[in-house]
Amino acid sequence: MPVFAGLRVSAFLAWKAIQRGSKGTLALTIMIIALIFVNLVFLPSIISGVVETFNTQSIDFDFGNLVIEPREGSQYIDDATGLQKKVQRVPGITGTSPRTAAGVTYFYKGRNAASTLYGITPEDERSVTKIADYLTEGEFLSNGDTDAIIMGATLAGREGEEGGGLPTLEGVMVGDPVEVAYPNGATRTYRVKGIYETQSFGVDTSAFITNREMSGVLGLQDQASVILVKTEVNGREEEYQRELLSYGIQEEVRTYQEKAGGFVDQAIQSFNIINAISTMVSLIIAVVVVFIVIFINTVNRRRQIGILKAIGIDQRIIINSYVLQVLFITAVGALAGIALNAGVTTYLTAYPLVFPGGPVYPLVEASAILRSIASLFAVSVVAGYIPAWRIAREDILSAIRG
Amino acid sequence: MIVAENLTRVYTMGRVEVRALEGVSLSVARGEFVGIMGASGSGKSTLLHILGLLDRPDSGRVTIDGTDVLALSDHRRTLFRLNRLGYVFQDYALIGELTALENVYLTSLVRGDPKEGYLKKSAEILSRVGLGDRMDHRQSELSGGEQQRVAIARALVNSPSILLADEPCANLDSQTSKSILDLFARLNEDLGQTILMVSHEDWHKEYFCRVVTLRDGLIEDVTECRKA
């Protein structure tokens, strides 16, 4: 008997069983497979979304793509303007922004909060970060400002709302005066020119003034704590890092990932452990469901399977007919799962989950879908094959007698 | 031509040994309609199962049309059953999800026969057994007699050398049983179909060419009933 004819018979039996068997059981099984598929894809999509949000927030608000830091043993980068010009000559670099950082204490209406104050060159900052686009009130700094400050929404706070451990002045408004105490003992009062909200908590608990003002207070001469660098494309930071070093830059050049340290890596590792457990549980559920469905199906048809063998139908044809049913159920279940997942993704894109690092949009990667489909098919086929094989290899007369 | 020599078969049921056959020898010529009769536990179904390649004896020899069927591998036995034997079981044993026509052509599909050929032949056989207008009905839509006719049509579709029937009328009323036996007799007489049938109803004897009566695993009596 040709193999093709055998498969044709298996497909014929499988299709008739699906077409004329219990619709309720079929729909329920497909629905369970679809939900398992969603479970397999959903968590990785959220983890990818968290990573994406972290990367975007880090680049757009915290660090740009690369951060140039002072040489070892120095507190500041000297000749910041010269270094800036040098870096801007490197192909693929689209912006640089020198920043001077100081740990300060803010005073406002008898309340105080400690956090970082950055000195920036407003035009340069616009070429690297997007903070200027995220003002909820007021305006961004101008190059000539010396008495203005812009402040993160968390630091500015709301009247009567405590920060829950985060620094907050509880209700600063645009136009309000805020007193700043510098580490060198100097104090200055600035008028709040704007309030921004990036949802990146490190940025929203900080404030910015111009470099001109901060250099004056700290007595710096063309010096900067760091220079942020924006590259033409994201994701190739290490290449640009090597490129900058090859241009003879002596300062430390770090990627934004290195700057973020192990915090997010650890979070992602924990997420991945949760994901691995969730995947394993989902697949075990898939195995159990498919096994039970096919097991009950074959046990109920034990006699019929015996008859089929008695009239000359090879047991491989019978086993394959069950495997094909499982393949069909898994394929339809995966398709329904893709549709269901698209619905969930659409909803969460419209109403994203809000994490401390910012809003997280599910990021469904093709590799996650393919991996889920492949693992679902693999476990389903095994779970369908085993009970069919167990019954089909049984002695004909035992099967017929039931 | 079936030749069975000195067949023995012992079952173990728990700690009890059941000696189903204790040395049965039997020949069935082509075109014969042989009835195997006897009380419950006499070994008649065991004999039919061994001759139908559904079971193996503990000792003895079976040749069908010159082939030593006990020497065949399991796969070869399956093919032999598919191509050379036809079965009718007591409870019809149809596949519920298939229509009468699909049940009948299933084995032709396994043989890889051309579609047009097996569709035509299956429809013809169903018409011959009186189900020409019930071909698209499923098992649940057919009476017991009709289901057994579908089973007979399925057994005949590949023109088997031997038709084996294990108490095919056990679940049918006497009127329907008579129509099934009439059908068997017609197949035997008109087409020369060899039939081996297990029965325990005395009135069935009139249909058989020969009746082999078993008792306690041995042939007790062989009676010629009508001319083959």
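**Re the overall build of chain B**
Right, so step 1: Helices and strands together make up the secondary structure of chain B, namely 6 helices and 10 strands.
Right, so step 2: For a compact globule of 228 residues, the expected C-alpha radius of gyration is about 17 Å, and chain B comes in at 17 Å, within 12% of that figure.
Right, so step 3: Taken along its principal axes, the extent of the C-alpha atoms in chain B is 45 × 40 × 40 Å.
Right, so step 4: Taking all 228 residues of chain B together, 47% fall into the buried category.

**A short note on the overall build of chain A**
Right, so step 1: When you go through chain A residue by residue, the secondary structure sums to 14 helices and 12 strands.
Right, so step 2: The C-alpha atoms of chain A give 32 Å as radius of gyration, which overshoots the globular expectation for 402 residues (21 Å, by more than 25%).
Right, so step 3: The dimensions of chain A, computed from C-alpha atoms along their principal axes, are 100 × 55 × 30 Å.
Right, so step 4: Burial statistics for chain A: of 402 residues in total, 42% are counted as buried.
Right, so step 5: Across chain A, the fraction of contacts at a sequence separation of at least 24, relative to all contacts at a separation of at least 6, is 79%.

**Brief notes about helix H6 (residues 174–191) of chain B**
Residue and element names in this part refer to chain B.
Right, so step 1: With 18 residues, H6 extends 25 Å between its outermost C-alpha atoms, agreeing within 8% with the 26 Å of an ideal straight helix rising 1.5 Å per residue.
Right, so step 2: Buried within H6 are the following residues: Ser 177, Ile 180, Leu 181, Phe 184, Leu 187 and Asn 188. Projected onto a plane normal to the axis of H6, the buried residues spread over an arc of 115° and lie on a single side. Exposed and facing more than 90 degrees away from the buried side of H6 are Gln 175, Asp 182 and Asp 190.
Right, so step 3: Packing partners of the buried residues in H6 comprise strand E3 (33–38), helix H5 (144–156) and strand E8 (194–198).
Right, so step 4: Following H6 by one or two positions, Gly 192 adopts a phi angle in the positive range, close to 70°.

**Comments concerning the pairing of strand E7 (residues 187–196) of chain A**
All names here are of chain A.
Right, so step 1: Relative to E7, strand E4 (residues 135–138) runs antiparallel, the two being bridged by 3 bridges. Bridge pairing in E7 places Leu 135 opposite Tyr 196.
Right, so step 2: Bridging between strand E5 (residues 148–152) and E7 involves 5 bridges; their strand directions are parallel. In the sheet register, Gly 152 faces E7, and the bridge partner there is Tyr 196.
Right, so step 3: Alignment of strand E6 (residues 177–181) against E7, held across 5 bridges, turns out to be antiparallel. Bridged to Glu 179 within E7 is Thr 189.

**Some details on the sheet that holds strand E6 (residues 85–88) of chain B**
Residue and element names in this part refer to chain B.
Right, so step 1: Spatial ordering of the open sheet is given by E6-E7-E8-E3-E9-E10, a layout of 6 strands whose pairing is mixed. Each edge of the sheet is formed by a strand with only one pairing partner; in this case those strands are E6 and strand E10 (218–224). The mean inter-strand angle of the sheet, taken between neighbouring strand axes irrespective of direction, is 20°.

**Examining helix H13 (residues 366–392) of chain A**
Right, so step 1: In this model H13(A) runs 38 Å from its N-terminal to its C-terminal C-alpha over 27 residues, within 8% of the 39 Å that 1.5 Å per residue would give.
Right, so step 2: Turning to H13(A), its buried residues number three or more, namely A:Ala368, A:Ser372, A:Leu376, A:Val379, A:Ser380, A:Ala383, A:Gly384, A:Pro387, A:Ala388, A:Ile391 and A:Ala392.

**Details of the confidence of the model for chain B**
Residues and elements named next belong to chain B.
Right, so step 1: Mean pLDDT for chain B: 91, with 99% of residues reaching 70 or above.
Right, so step 2: Confidence scores differ between elements of chain B, with H6 showing the lowest mean pLDDT of 88 and strand E4 (residues 59–64) the highest of 95.
Right, so step 3: At the level of chain-chain contacts, confidence expressed as ipTM amounts to 0.89, with global pTM at 0.76.

Parameters at a glance
- Residues numbered from 1 in each chain as written.
- Chains lettered and ligands numbered in written order.
- Predicted model: local features only at pLDDT ≥ 70, side-chain atom pairs only at ≥ 80, totals over all residues.
- Helix = DSSP H or I, 4+ residues; strand = E, 2+ residues; numbered from the N terminus.
- Rg over C-alpha atoms; globule rule 2.2 N^0.38 Å.
- Buried ≥ 20, exposed ≤ 12 C-beta atoms within 10 Å, placed from the backbone.
- Contact = placed C-beta atoms within 7 Å.
- Expected span 1.5 Å × (residues − 1).
- Arc of directions from axis to C-beta.
- Pairing = 2+ DSSP bridges.
- Axes fitted to C-alpha atoms, helices over the stretch in contact; angles between N-to-C directions.
- pLDDT = per-residue confidence, 0-100.

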